[in-house]
Amino acid sequence: MNKEIIVLIGGPSSGKTTLINALIKKGHICYPEISRDVIKEAQKQGIEQLFLEKPLLFSELLLEGRIKQFKQATEEKEPIVFIDRGIPDVLAYMHYIGDSYPDSFHKACSEYKYSKIFILPPWKDIYVSDKERYESYEQAILIQDHLKETYSSFGYELIEIPKDTVENRVNFVLQNLSK
């Protein structure tokens, strides 16, 4: 049995977490976005926005966490695992801010390969910022561009999920798994 590790990507507030939660309700194995946990932990230590203040440290923590998620996903009994954001997201965000990173980041993207990538487009009607999501909608669009470019550079074909109801988005993903 082949393991399918499916990643949902997209700029901030494009509906990834809502989609992951809906897939969980349908009984699928899903791993959450880990950046909020990293941000909240840093805030407990008095660093309001770790990504803005120490982007390399933030990215190293994310990379470590996303590699761990990938490895855990390969051990799941179920044949399909969904993950909210993947390893190349780390590079995309570093590209977005124009920062450099060690070669190990690129190596991780090449070493840990996902089965399929679904991308959710920016959607102004559902965009919300909060304590952990500081980006404006315009910044979310730029991040989206970097995500597309980064994942494509690693040979991924991006399957865009239409703006639609949560149920229709779930159905779109499930119908496109076998294609």
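Residues numbered from 1 in each chain as written. Predicted model: local features only at pLDDT ≥ 70, side-chain atom pairs only at ≥ 80, totals over all residues. Heavy atoms only, no water.

**Q** Explain helix 7 (residues 137-153) to me, please; I cannot follow it from the model alone.
**A** Residues spaced three or four apart along an α-helix point in a common direction, a consequence of the helix completing one turn every 3.6 residues. If you check helix 7, its first and last C-alpha atoms are 24 Å apart, about what 17 residues at 1.5 Å a residue would give, namely 24 Å. Residues of helix 7 that are buried: Tyr 137, Ala 140, Ile 143, Gln 144, Leu 147, Thr 150 and Tyr 151. Seen end-on, helix 7 carries its buried residues on one side only, within an arc spanning 135°. Those residues of helix 7 that are exposed and angled more than 90 degrees off the buried face are Glu 149 and Ser 153. If you follow the buried residues of helix 7, they end up packed against strand 1 (4-10), helix 5 (88-97), strand 4 (116-120) and strand 5 (158-160). Looking one or two residues past helix 7, Gly 155 carries a phi angle of roughly 85°, positive in sign. (Helix = DSSP H or I, 4+ residues; strand = E, 2+ residues; numbered from the N terminus. Expected span 1.5 Å × (residues − 1). Buried < 20%, exposed > 50% of the residue type's maximum accessible area, 1.4 Å probe, protein only. Arc of directions from axis to C-beta. Contact = heavy atoms within 4.5 Å.)

**Q** When you look at the pairing of strand 3 (residues 80-84) in this model, what are you seeing that I'm missing?
**A** Walk down a regular strand and you will see the side chains alternate between the two sheet faces. Of all 5 residues that make up strand 3, 4 are buried, and the element is covered over most of its length. Sheet topology note: the strand 1/strand 3 ladder contains 5 bridges and is parallel. Residue pairing across strands places Ile 6 opposite Phe 82, the latter belonging to strand 3. Sheet topology note: the strand 2 (residues 29-31)/strand 3 ladder contains 3 bridges and is parallel. Residue pairing for strand 3: Tyr 31 is matched across the bridge by Ile 83. (Pairing = 2+ DSSP bridges.)

**Q** What is the right way to read helix 8 (residues 166-175) from this model?
**A** Arg 169, Val 170 and Val 173 are the residues of helix 8 that are buried. Down the axis of helix 8, the buried set is contained in an arc of 100°. They therefore lie on one face. Elements in contact with the buried residues of helix 8: helix 1 (16-25), strand 3 and strand 4.

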